[in-house]
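Each chain, letter by letter, is given below.
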Amino acid sequence: MSEFNTKLIHGQPEYDNNTGAVNVPIYNSSTYVYPNADAKVKFDYERSGNPTRSYLENQVALLENGVRGFAFSSGSAAIHAVLSIFSPGDHIIIGKNIYGGTFRIINDFFKRWQLEFTAVDTQNPEEVQAAIQPNTKAIYFETFTNPLLHVTSVKQISKIAKAHNILTIVDNTFLTPYLQQPLNLGADIVIHSATKYLGGHSDVVAGIVVAKNENIAKLIYFNQNSIGATLSPQDCSLIRRGIQTLAVRMDRHLSNAAKIVAFLQKRPEIAKLYYPGIDDGSRDHEIAAAETNGFGGIISFELKDGLDSTKFVNGLHLIQLAVSLGAVESLIELPYKMTHAELSRKEQLEAGITTQLVRLSVGIEDPKDLLKDLEQSLNQLTSTSLKKEAVR
Ligand SMILES: *Cc1c(COP(=O)(O)O)cnc(C)c1O
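All figures in this text were calculated on a predicted structure; none of them were measured in a lab.

Can you walk me through the pairing of strand β4 (residues 136-142) in this structure?
Moving residue by residue along a regular strand, the side chains alternate between the two faces of the sheet. In terms of burial, β4 is a largely internal element, six of the seven residues being buried. Both strand β2 (residues 91-95) and β4 contribute to a ladder of four bridges, which runs parallel. Looking across to β4, one finds that Ile 93 is bridged to Ile 139. Relative to strand β5 (residues 167-171), β4 is paired through five bridges, and the arrangement is parallel. When the sheet's bridge partners are listed, Ile 139 is paired in β5 with Thr 168. Handedness of the crossover is the feature at issue here: the chain leaves β4, passes through helix α6 (residues 154-163), returns alongside β5, and the resulting connection is right-handed.

Take a look at the structure:
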């Protein structure tokens, strides 16, 4: 078996054409010929399966070390398909700060179908343990939360889950299989918004699920095929291509993030810096150091009170003001006005989302240019606030 970086490039060949093409073609065919009416065919109809999609699904299953992968038309569709394996009356423990869209589908959709949920801080095993009920079927969390990068131990949680015959479901969007393989740490299902790092170029919306065993895979496949939110062959090809450069992109995301953290640590405008790579003796750092191969490309920070966060993000020239993350270009946003605007001010503050909080998805540009851009916008902040003070 080849090494991880080789698997990224080569995946599992489909051997599906006789042209010698080095990439699996984009099969734009919704239906497939049966050689005869009794034939057992591998592909019959695109929603049920397609060679381009198969390639991608096998590629990700290989990287996550699962038995089978599934590609969906978005991360949200992937989450919907996974939560749809449960039945009315089932109880699921969820991480307190899971992705907002996941929270919305749970609260405004699955609760109507009588799934029950309890939100806990999954970093704290006692809280998880205490939330387990006789009808608990799964624990669902993100290893690094968004935007505050609070870290959960996949090992610890899946150990508790196994003892109670409960499934562990991990949204691995922030880390990718390059930095963590949750199935190897004891999880049963991995979910990705492939829109982010796997795709990596902000040009496609996609979702991936990988199952650890055949029983789970059968349930997910039923939902994928019957609900039908599958990924188109064109988009499968884009994600396949994105994955080939995952390792080189992640290495640059990591080194750029480390440089930006070091820069921000020295800046007087920064009140608080959130990055699991900072060795501050926290549980976040301890768990991340033990269970990941790197601390990711997302940094969050709070500007000091009195400094205008809106002015700061508006003042950047290279780093673009946009939601989403995980692509080659650096993106910055204000969670309280953008990604987390749906929350009431009270809910925002409970989640640690202040008006001073900024989330930066570090891209793979030349780090000097990123630092220069951050520096000039920080400088204009303090120079104006200093000016104001002078006037006063
Ligand atoms: C973006 C995101 C999702 C949702 O994925 P879409 O592709 O936007 O539907 C789910 N989980 C996390 C952690 C995300 O960042």
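Explanation requested: unusual backbone geometry in the structure shown.
Excluding glycine, residues mostly have negative phi values, and the peptide bonds linking residues are mostly trans. Look at the link from Asn 146 to Pro 147: it is a cis peptide, with omega at 5°. Mapped onto the elements, Pro 147 comes out in the loop between β4 and α6. Backbone geometry at Leu 149 places phi at a positive 55°, although glycine is not the residue there. Its place among the elements puts Leu 149 in the loop between β4 and α6.

Can you walk me through the site of the ligand in this structure?
The ligand sits among 13 residues. The nearest are Gly 75, Ser 76, Asp 171, Thr 195 and Lys 196. Between an oxygen atom of the ligand and a side-chain N or O atom of Thr 195, the distance comes to 2.7 Å. For the ligand, an oxygen atom lies 2.7 Å from a polar atom in the side chain of Lys 196. Protein coverage of the free-state accessible area of the ligand, which is 380 Å², stands at 92%. In terms of residues, the shell around the ligand owes the most to one element, helix α3 (residues 75-83), which gives three residues. Here the residues of the shell around the ligand sort into five nonpolar, six polar and two charged.

Sorry if this is basic, but what is going on with the UniProt feature "modified residue: N6-(pyridoxal phosphate)lysine" (unreviewed entry) in the chain here?
UniProt annotation of "modified residue: N6-(pyridoxal phosphate)lysine" (unreviewed entry) refers to Lys 196 when read in the numbering used here. Tracing the sequence through the fold places Lys 196 in the loop between β6 (189-193) and β7 (207-211). Ignoring any residue separated from it by four or fewer positions in sequence, one finds Lys 196 in contact with Thr 173, Ser 324, Leu 325 and Gly 326.

How should I be thinking about the sheet that holds strand β11 (residues 331-333) in this particular structure?
Within a beta sheet, neighbouring strands are joined by backbone hydrogen bonds and run either parallel or antiparallel to one another. Reading across the sheet, the five strands line up as β8-β9-β12-β11-β10 and stay open at both edges, with mixed pairing between neighbours. Single-partner strands in this sheet number two, and they are β8 (270-274) and β10 (320-321). When β10 meets β11, the two strands line up parallel, connected through two bridges. Residue Leu 321 lies in a different strand from β11, and its bridge partner there is Ile 332. Along the sheet, helix α10 (residues 246-265) contacts β8, β9 (298-303) and β12 (357-361); its crossing angle with β9, the most-contacted strand, is approximately 15°.

Where do I start with the pattern of salt bridges in this structure?
A pair can form between side chains of opposite charge whenever their charged atoms are brought close. According to the stated counting rule, one finds nine salt bridges in the structure shown. A salt bridge links Glu 269 to Arg 267, with the nearest nitrogen and oxygen atoms 2.8 Å apart. The exposure class assigned to Glu 269 is buried, which follows from its relative accessible area of 3%. The exposure class of Arg 267 is buried, given its relative accessible area of 14%. For Glu 286, the salt bridge is made with Arg 283, and the minimal N-O distance between the two is 3.2 Å. Of this pair, Glu 286 and Arg 283 both sit in helix α11 (residues 283-291), three residues apart, which is roughly one turn of the helix. Arg 283 sits in the partly exposed class, given a relative accessible area of 32%. Overlapping salt bridges bring together Arg 267, Glu 269 and Glu 375 as one network.

It is not clear to me how the side chain of Ser 54 should be interpreted in this structure. Could you clarify?
Take Ser 54: it is sitting in helix α2 (residues 51-64). Ser 54 has contacts with Glu 14 and Phe 43, leaving out every residue within four places of it along the chain.

I keep staring at the packing of aromatic side chains and nothing clicks. Help me out?
Geometry of an aromatic ring pair is reported as the spacing of the ring centres plus the angle between the planes. According to the stated counting rule, one finds six aromatic pairs in the structure shown. One aromatic cluster in this structure is built from Phe 109, Phe 110 and Trp 113.

I tried to follow the domain arrangement of the chain on my own but got confused; where do I start?
One frequently used descriptor of interface size is the decrease in accessible area upon assembly of the parts. According to the domain assignment, the chain contains domain 1 (4-244) and domain 2 (247-391). Its C-alpha centre places domain 1 at a distance of 28 Å from the equivalent point of domain 2. At the junction of the two partners, domain 1 supplies 33 residues and domain 2 supplies 37 residues. Contact between domain 1 and domain 2 buries roughly 2,900 Å² in total, counting both sides, with carbon and sulfur atoms accounting for 58%.

Rules used throughout
Residues numbered from 1 in each chain as written. Predicted model: local features only at pLDDT ≥ 70, side-chain atom pairs only at ≥ 80, totals over all residues. Heavy atoms only, no water. Buried < 20%, exposed > 50% of the residue type's maximum accessible area, 1.4 Å probe, protein only. Helix = DSSP H or I, 4+ residues; strand = E, 2+ residues; numbered from the N terminus. Pairing = 2+ DSSP bridges. Right-handed = clockwise from strand over helix to strand, strands pointing away. Near = heavy atom within 4 Å. Polar contact = N/O pair within 3.5 Å; in protein donor to acceptor, adjacent residues only side chain to side chain. Areas by Shrake-Rupley, 256 points an atom, 1.4 Å probe, with all protein chains shown as cover. Nonpolar A, V, L, I, M, F, W, Y, C, P; charged D, E, K, R; others polar. UniProt positions renumbered as here; feature names shortened; annotations may be inferred. Contact = heavy atoms within 4.5 Å. Axes fitted to C-alpha atoms, helices over the stretch in contact; angles between N-to-C directions. Salt bridge = Lys/Arg side-chain N within 4 Å of Asp/Glu carboxyl O. Phe/Tyr/Trp six-rings, centres within 6.5 Å; stacked < 30°, edge-to-face > 60°. Domains from an automatic or database assignment. Buried area = accessible area lost by both parts, 1.4 Å probe.

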